[in-house]
Amino acid sequence: MRILVTGGAGFIGSNLAFALQDTYPSAEIFILDNFSSGHFKNLIGFRGEVITGDITSEELWDYLKAHFSFDAVFHQAAITDTTVTDQWVMMKTNADSLRHILDSALEWGAKVIYASSAGVYGNTEPPMKEESGLEPENIYGFSKLMMDRIALYYMKNHPEIQIVGLRYFNVYGPRESYKGKSASMIYQLAVKMMHGQKPRIFKWGEQRRDFVYVKDVVQANLLALEKNVSGIFNIATGEARSFNEIIEILNRELGTNFETEYFDCPYDFYQEFTKADISKAKELLGYRPQFSLEEGIRDYLRFIK
Ligand SMILES: NC(=O)c1ccc[n+]([C@@H]2O[C@H](COP(=O)([O-])OP(=O)(O)OC[C@H]3O[C@@H](n4cnc5c(N)ncnc54)[C@H](O)[C@@H]3O)[C@@H](O)[C@H]2O)c1
């Protein structure tokens, strides 16, 4: 089996590349990345090859079609900073590139598993279900919704290949540090507290999110490869937890007793409450999240330390 992981130098892509090389030791695994938010240090220990390139480049996809053939493409590459407001760049990179990938997959006969996002739901009523509440509030969420629309079009018109979209909720875990300010709040708060500083969060810390550990996201990707299925699925835990709860868990796990400092949220768009309905992924992918927030943070702290 020959596998392409776009965005493989990034947070989720690198975790996936390592899981693929462990699960399928004889597979040939290639990473495609432009290293804009990914980092080579995420790939120390990776035994496959890296193709350095930009997913928006048609010449790149022509080159790949001419010189390679893949059985599966895990598409993780994207502009992942949700505060970027350049609509042209966001749409070209996140949405339009998926057409190049799907057209290439049609030539190769490859399965495509791509990363969508809970950003497609904006601030609609939780629990979020795949078919409703599609009201993104920023261009990042809109670009992910357009990826889903492109994928649905190809699913309908090209049933000869399988396509799976995974709408990740708030992912945290090892190898996210190179995302800088876009890394999860769990990472940012843990590092601050481990340096002896008070945690600072937006007032009053009761915003609730469905936080999912990266190992569960990897599990979902592997199931998507194995199952004979196409479709779009929420990937989360199905539980909404608050930022105050994260700080409580970190204080307990680190043996600290920091008080929280609250400040005003500077964004006019901010997801206040996300919680996924994961019944579709459970039923059709056999997905079962293994990590509660407590278990995920405990596992992650060993890595951060
Ligand atoms: N982390 C989360 O909480 C989360 C939530 C929902 C969806 N997602 C999606 O999951 C995927 C992976 O995100 P991540 O958290 O690992 O972020 P990341 O920024 O660590 O990874 C993105 C990778 O894509 C690469 N990349 C960006 N633009 C590129 C381009 N034009 N050509 C080639 N490579 C390019 C970056 O260098 C990086 O390695 C993304 O599609 C993201 O939208 C992430």
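Scoring rules and cut-offs
- Residues numbered from 1 in each chain as written.
- Predicted model: local features only at pLDDT ≥ 70, side-chain atom pairs only at ≥ 80, totals over all residues.
- Heavy atoms only, no water.
- Buried < 20%, exposed > 50% of the residue type's maximum accessible area, 1.4 Å probe, protein only.
- Helix = DSSP H or I, 4+ residues; strand = E, 2+ residues; numbered from the N terminus.
- Pairing = 2+ DSSP bridges.
- Axes fitted to C-alpha atoms, helices over the stretch in contact; angles between N-to-C directions.
- Parallel < 35°, antiparallel > 145°, perpendicular 65-115°, else oblique.
- Left-handed = near helix turned anticlockwise from the far one by under 90°.
- Contact = heavy atoms within 4.5 Å.
- Nonpolar A, V, L, I, M, F, W, Y, C, P; charged D, E, K, R; others polar.

(A) Representation of the pairing of strand 6 (residues 163-168). Taking burial as the measure, the six residues of strand 6 include six buried ones, the bulk of the element. Going residue by residue along strand 6, you find Ile 163, Gly 165 and Arg 167 tucked away on one face and Val 164, Leu 166 and Tyr 168 tucked away on the opposite face as well. Here six bridges tie strand 5 (residues 111-117) to strand 6, and the two strands are oriented parallel to one another. Its bridge partner lying in strand 6, Ile 113 is registered against Val 164.

(B) Expanded view of the packing of helix 7 (residues 243-254) against helix 9 (residues 293-304). Taken N-terminus to C-terminus, the directions of helix 7 and helix 9 make an angle of 50 degrees; their axes are 10 Å apart at the nearest point. Judged on the interaxial angle alone, helix 9 and helix 7 are oblique. Between helix 7 and helix 9 the crossing geometry is right-handed. Across the interface between the two elements, Ile 246, Ile 249, Leu 250, Arg 252, Glu 253 and Leu 254 from helix 7 touch Leu 293, Glu 294, Ile 297, Arg 298 and Leu 301 from helix 9. When its residues are assigned to classes, the contact of helix 7 with helix 9 shows seven nonpolar, no polar and four charged.

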